[in-house]
Amino acid sequence: MASETLSALLLFFFFFFLFFSAPCAIAEVAQPGPEKTYIVRIDEHAKPSVFPTHYNWYTSSFVSSPVQILHVYDTVFHGFSARLSSDRVDTLRDHPSVLAVFEDRRRYLHTTRSPQFLGLRNQQGLWSDSDYGSDVIIGILDTGIWPERRSFSDLNLGPVPSRWKGVCEAGDRFSARSCNRKLVGARSFSKGHMAGLTGAVNRSVEFRSPRDADGHGTHTASTAAGRHAFRASMAGYAAGIAKGVAPKARIAAYKVCWMGSGCFDSDILAGFDRAVADGVDVISISIGGGDGVASPYYLDPIAVGSFGAVARGVFVSSSAGNDGPTGMSVTNLAPWLTTVGAGTIDRNFPAVIVLGDGRQLAGVSLYAGKPLDGKKYPVVYPGKAGGLSASLCMDNSLDRKLVAGKIVICDRGSNPRVAKGMVVRKAGGIGMILANGVSNGEGLVGDAHLIPTCAVGAEEGNAVKSYVATSPNPTATIEFRGTVVGVKPAPVVASFSGRGPNGLTPEILKPDLIAPGVNILAAWTDAVGPTGLDADLRKTEFNILSGTSMACPHVSGAAALLKSAHPNWSPAAIRSAMMTTASLVDNRLQPMIDESTGKPSTAYEFGAGHLNLDRAMDPGLVYDMGVPDYEYFLCSIGYNPKTIQVITRTPAICPRKSSPENLNYPSFSAVFDSTAVGKATKTFIRTATNVGAPNSVYRAKVEAPRGVMVSVKPSKLVFSPKATKQSYVVTVTADAKNLKLDESGGVFGSVSWSDGTHAVRSPMVVTRIEPF
């Protein structure tokens with residue numbers, strides 16, 4: 001008994017000493033300075049054994065009352081998030097067990113027929129009678145889900161994979177019975193949201209549960225893995241059978257984004273952490289930075305969280321962002337992520353503006369209300385008299401006397417496209433012509449406008465403005481032509497799709513590839529109408545959206561099918577299969593066009609090309625990678641071992657010399673210094689893994705970029721059952737100073753390997769860095 005009392009006293013004095021003497025303890029009551037939410041990365045190996053859990057350690061040694069921990073991360077990342085003053089943050093940064101502290105930031109969402117456009121066919125290949133995909137679980141990090149949709153039916157699906165550890169979290173209008181054998185789990189993460197904003201979820205517009213009040217998450221989930229839903233359409237548009245890329249795959253919804261307030265890093269990281277612990281095989285995240293500035297990998301929770309996922313064998317698909325056609329606009333740049341841009345499909349929703357002089361201008365629209373029936377109305381462009389805000393049809397910018405009873409021309413930009421129509425209607429306008437500016441070019445997306453509207457490209461927009469300026473009595477009407485399929489050319493790189501080069505590491509080409517992302521039909525929420533506007537009281541089971549948000553889940557679904565067909569493939573192998581088999585031509589068998597320019601697109605726009613899932617099933621060779629490869633990459637870009645540990649969880653041992661070009665990536669990006677005199681060389685080492693016939697011989701084919709010399713040694717790779725991996729060296733030689741680059745800032749080519757059956761193509765970009 002005495003020994004037990006002595007032990008208790010010793011333990012008391014240990015905690016007393018730890019709490020009041022340790023340099024990391026924060027026991028002061030005063031909290032000077034404003035509090036913000038921070039994410040704290042901890043070296044989990046430093047935990048004293050006296051603490052039974054990391055949470056006990058964190059609450060005893062790093063934060064004290066009244067500070068409350070928001071999230072504890074212990075799967076893809078070790079650490080916590082909390083509201084802290086700047087003084088406390090400074091103290092934490094000095095502690096030896098703290099690897100990094102970074103401020104919570106807000107991120108934004110990157111907002112049918114497309115599976116067939118990827119090469120999938122009923123009863124064939126990956127859509128055969130087998131259960132391809134039913135053993136794979138896709139985690140959707142988004143705005144939640146509307147579980148009652150037909151797209152999430154579990155009819156004829158077998159039992160949930162026994163390894164699944166997730167739950168169906170109850171909350172507002174969401175119960176444990178909301179899940180089934182299709183929607184196997186659902187969770188929500190709001191602590192970062194509440195700490196960063198109002199302190200509470202606004203239940204007048206949101207659900208404090210996994211239920212989707214926004215629609216974005218329901219749309220992306222059903223795009224990736226929606227079941228077959230017959231007689232689907234959006235108000236009659238895109239009628240047919242709606243289905244996702246992997247109809248039999250399971251879905252787990254992780255609500256990390258909230259209606260009108262975006263997505264906070266601390267919640268996103270919690271979503272990653274939980275999804276991997278639950279047992280997902282694929283993560284789809286159509287979220288990215290909203291400030292236009294790329295954070296270093298170790299300060300980017302999407303990069304950090306996805307690394308932890310990939311290290312555990314989980315494939316992560318991410319959106320490339322919607323800030324195109326500006327160069328260097330691509331987001332989600334980490335090389336372990338698969339970054340997806342957007343292209344069109346061969347379906348369109350044409351509308352035609354018929355001017356008073358008989359001319360017809362082609363555009364698009366998803367307007368489904370009362371038509372104009374050929375009646376012509378006066379047309380006005382308010383920007384001439386009302387200035388910039390009136391030209392953009394911003395709130396309260398239109399003069400009713402000028403626009404009432406007329407069709408109003410509004411320039412695209414600044415406020416949402418559908419919101420412009422509401423401004424026109426409020427001012428008494430009859431309809432709207434939505435005109436692209438130069439930056440949007442001819443790129444068009446359909447919107448379910450509440451007033452008769454036609455969106456037109458920059459050329460048609462200029463034509464109608466010129467007509468209004470020169471005609472004494474300008475009039476027009478709008479005709480809506482419904483749905484048209486078989487459109488050519490397709491795919492076309494969407495003008496909004498994020499473009500390269502990679503703003504952090506130009507030696508890694510991003511985006512990786514493109515997938516359908518324009519006018520995509522998928523399931524929708526009942527909480528808001530198809531426009532998302534408060535005034536839109538319509539209810540629709542399906543909606544049509546555009547964005548790289550829509551492209552990303554196509555690749556997520558494709559990854560699920562490939563993972564099911566090849567369960568031993570790593571995330572890198574799956575990405576390689578998609579990239580090296582991607583298509584470079586449209587349905588005219590011509591080079592893919594860039595929507596913003598009308599000219600042939602390049603690897604900075606489409607990466608390796610457009611996803612061709614039918615060919616990706618059997619790529620022949622893959623470029624595989626694992627954690628050591630990514631660690632060496634981080635060494636090569638100058639990160640020290642402690643910085644690398646923020647991402648990888650363990651300190652890296654960096655080789656004496658390494659180069660980012662030598663990451664075993666399925667693409668080549670040669671970056672030269674423009675100040676170099678004469679010819680310079682870049683050397684790439686790659687290792688190909690044979691996943692085809694055991695005895696195979698591949699020969700190299702080079703398409704050298706203009707003005708560049710490229711050699712491949714050896715030029716022949718021989719594989720056998722005992723030699724499944726073969727390495728080769730690519731040498732690129734260029735006079736960088738005198739190299740004539742394309743408008744996009746590079747010159748482009750490729751290195752391919754062929755055995756007579758497979759063509760394993762890697763894009764090549766050569767560019768130079770100008771001195772500051």
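Please read these numbers as outputs of a predicted model, since none were measured by experiment. (Residues numbered from 1 in each chain as written. Predicted model: local features only at pLDDT ≥ 70, side-chain atom pairs only at ≥ 80, totals over all residues. Heavy atoms only, no water.)

Trainee: Hey, could you run me through the overall build of the protein in this one?
Mentor: Within the protein, the secondary structure is distributed over 18 helices and 39 strands. Taken against the 2.2 N^0.38 rule, which gives 28 Å for 772 residues, the C-alpha radius of gyration of the protein at 27 Å falls within 12% of a compact globule. If you line up the protein on its principal axes, its C-alpha atoms span 100 × 65 × 60 Å. Here the protein holds 772 residues, and the buried ones make up 58% of them. (Helix = DSSP H or I, 4+ residues; strand = E, 2+ residues; numbered from the N terminus. Rg over C-alpha atoms; globule rule 2.2 N^0.38 Å. Buried < 20%, exposed > 50% of the residue type's maximum accessible area, 1.4 Å probe, protein only.)

Trainee: Looking at this structure, I do not really get the state of the cysteines. What am I missing?
Mentor: Covalent bonding between the sulfur atoms of two cysteines defines a disulfide. For the structure on display, the rule yields 4 disulfides. One disulfide in the model links cysteine 168 with cysteine 179; its S-S distance is 2.0 Å. The disulfide joining cysteine 168 to cysteine 179 has a torsion of about 80 degrees about its S-S bond and is therefore right-handed. Remark: cysteine 179 occurs in the loop between strand S6 (137-142) and strand S7 (183-188) and cysteine 168 occurs in the loop between S6 and S7; sequence separation between them is 11 residues. Accessibility classification places cysteine 168 together with cysteine 179 in one group, the buried group. Residue pairing for cysteine 257: its cysteine sulfur links by disulfide to cysteine 263, the two sulfurs lying 2.0 Å apart. One quick way to see it: the torsion about the S-S bond of cysteine 257 and cysteine 263 is about 105 degrees, and its sign makes the bridge right-handed. Here the cysteine-cysteine linkages of the protein are recorded as 1-2, 3-4, 5-6, 7-8, numbering only bonded cysteines and doing so in sequence order. For the unlinked cysteine cysteine 454, the closest cysteine sulfur is that of cysteine 410, found at 13 Å. Cysteine cysteine 552 shares no disulfide, and the gap to the nearest cysteine sulfur, in cysteine 257, comes to 12 Å. (Disulfide = S-S within 2.5 Å.)

Trainee: Looking at this model, I keep getting lost on the pattern of salt bridges. Mind explaining?
Mentor: A pair can form between side chains of opposite charge whenever their charged atoms are brought close. For the structure on display, the rule yields 25 salt bridges. Between aspartate 281 and arginine 163 there is a salt bridge; the shortest N-O distance is 2.8 Å. Placement of aspartate 281 in the loop between helix H7 (265-278) and strand S13 (282-285) and of arginine 163 in the loop between S6 and S7 is noted, with a sequence separation of 118 residues between them. Assessed through its relative accessible area of 13%, aspartate 281 is described here as buried. When the shortest N-O distance is used, the salt bridge between arginine 706 and aspartate 742 registers 3.0 Å. Placement of arginine 706 in the loop between strand S34 (696-703) and strand S35 (709-713) and of aspartate 742 in the loop between strand S37 (725-734) and strand S38 (747-754) is noted, with a sequence separation of 36 residues between them. (Salt bridge = Lys/Arg side-chain N within 4 Å of Asp/Glu carboxyl O.)

Trainee: Can you walk me through the sheet that holds strand S14 (residues 287-289) in this structure?
Mentor: Across the sheet, which stays open at both edges, the 4 strands sit in the order S11-S12-S5-S14 with antiparallel pairing between neighbours. Edge strands, defined here as strands with exactly one partner in the open sheet, are strand S11 (257-258) and S14. Contacts from H7 reach strand S5 (106-109), S11, strand S12 (262-264) and S14, with the element oriented near 75 degrees to S12. (Pairing = 2+ DSSP bridges. Contact = heavy atoms within 4.5 Å. Axes fitted to C-alpha atoms, helices over the stretch in contact; angles between N-to-C directions.)

Trainee: Mind showing me how you'd approach the confidence of the model for the protein here?
Mentor: Detailed conclusions should not be drawn from predicted coordinates in areas where pLDDT is low. Taken over all residues, the pLDDT of the protein has a mean of 90, while the share at 70 or more is 92%. Note that residues 1-31 has pLDDT below 50 and, in this model, 28 contacts with residues that lie over four places away or in other chains. Here residues 112-117 scores under 50 on pLDDT; set against residues more than four positions off or in separate chains, the count is 29 contacts. (pLDDT = per-residue confidence, 0-100.)

Trainee: Where do I start with unusual backbone geometry in this structure?
Mentor: Working note: non-glycine residues mostly have negative phi, and peptide bonds are mostly trans. Looking along the chain, the bond that leaves glycine 324 and enters proline 325 is cis, with omega of 5 degrees. Mapped onto the fold, proline 325 is located in the loop between strand S15 (315-319) and strand S16 (338-343). With an omega of 0 degrees, the peptide bond running from alanine 490 to proline 491 counts as cis. Following the sequence through the fold, proline 491 ends up in the loop between strand S25 (484-485) and strand S26 (492-493). The residue asparagine 519 is not glycine, and still its phi comes out positive at about 55 degrees. If you trace the backbone, asparagine 519 turns up in the loop between strand S27 (513-516) and strand S28 (520-523). Residues other than glycine seldom take positive phi values, yet leucine 589 does so here, at roughly 65 degrees.

Trainee: When you look at the nonpolar core in this model, what are you seeing that I'm missing?
Mentor: Inside soluble globular proteins, nonpolar side chains tend to come together where they are buried. Of all hydrophobic cores here, the largest spans 59 residues; its most connected members are Phe272, Val280, Ile283, Tyr297 and Trp336. Beyond its immediate chain neighbours, meaning those up to four positions away, phenylalanine 272 contacts Val76, Leu141, Ile283, Ile285, Ile302, Gly305, Ser306 and Val316. Formed by 44 residues, the second largest nonpolar core is a distinct cluster that contains Ile140, Ala186, Ala221 and Ala577. (Core = buried A, V, L, I, M, F, W, Y, C linked by side-chain atoms within 4.5 Å.)

Trainee: Got a minute to help me understand the sheet that holds strand S32 (residues 668-673) in this structure?
Mentor: Hydrogen bonding along the main chain pairs the strands of a sheet, whether they run parallel or antiparallel. As summarised here, the arrangement of the 5 strands in space is S32-S39-S38-S34-S36, forming an open sheet in which the pairing is mixed. With partners counted over all chains shown, the strands left at the sheet margins are S32 and strand S36 (716-719), one partner each. Ignoring strand direction, the axes of neighbouring strands in this sheet form an average angle of 20 degrees. Note: S34 against S36, 4 bridges, orientation antiparallel. Residue pairing in the sheet places valine 697 in a bridge with valine 718 of S36.

Trainee: I keep staring at helix H14 (residues 571-580) and nothing clicks. Help me out?
Mentor: In terms of residue burial, H14 counts as a mostly covered element, since 10 of its 10 residues are buried. Restricting attention to buried positions, one finds in H14 the residues Pro571, Ala572, Ala573, Ile574, Arg575, Ser576, Ala577, Met578, Met579 and Thr580.

Trainee: Even after reading the chapter, I still don't get the pairing of S37, so can you show me in this structure?
Mentor: Put simply, side chains in a regular strand alternate between the two faces of the sheet. When strand S33 (residues 680-690) meets S37, the two strands line up antiparallel, connected through 10 bridges. Bridged to alanine 688 within S37 is glutamine 726.

Trainee: Please explain helix H6 (residues 216-225) as it appears in this structure.
Mentor: Given 3.6 residues to a turn, an α-helix orients residues that are three or four positions apart in the same direction. Of all 10 residues making up H6, 10 are buried, and the element is well covered by its neighbours. By the burial criterion, the buried members of H6 are His216, Gly217, Thr218, His219, Thr220, Ala221, Ser222, Thr223, Ala224 and Ala225. Those residues of H6 that are buried lie in contact with S5, S6, strand S10 (250-255), S28, strand S29 (542-545) and helix H13 (548-565).

Trainee: What am I meant to see in the packing of aromatic side chains here?
Mentor: For any pair of aromatic rings, the description rests on two quantities: the centre-to-centre distance and the angle between the ring planes. All chains considered together, the criterion is met by 20 aromatic pairs. Centre to centre, the rings of tyrosine 58 and phenylalanine 80 are 5.2 Å apart; their planes meet at 40 degrees, and the pair counts as tilted. You can see tyrosine 58 sitting in helix H2 (residues 54-61) and its partner phenylalanine 80 sitting in strand S3 (residues 78-85), a full 22 residues away along the chain. Here the aromatic cluster, defined as three or more aromatic residues joined through ring pairs, consists of Tyr297, Phe307, Trp336, Tyr630 and Phe633. Taking NZ or CZ as reference, arginine 41 lies 4.6 Å from the ring centre of phenylalanine 77, over its face. Over the aromatic face of tryptophan 146 sits the side chain of arginine 211, whose NZ or CZ is 4.4 Å from the ring centroid. (Phe/Tyr/Trp six-rings, centres within 6.5 Å; stacked < 30°, edge-to-face > 60°. Lys NZ or Arg CZ within 6 Å of the ring centre and 35° of its normal.)

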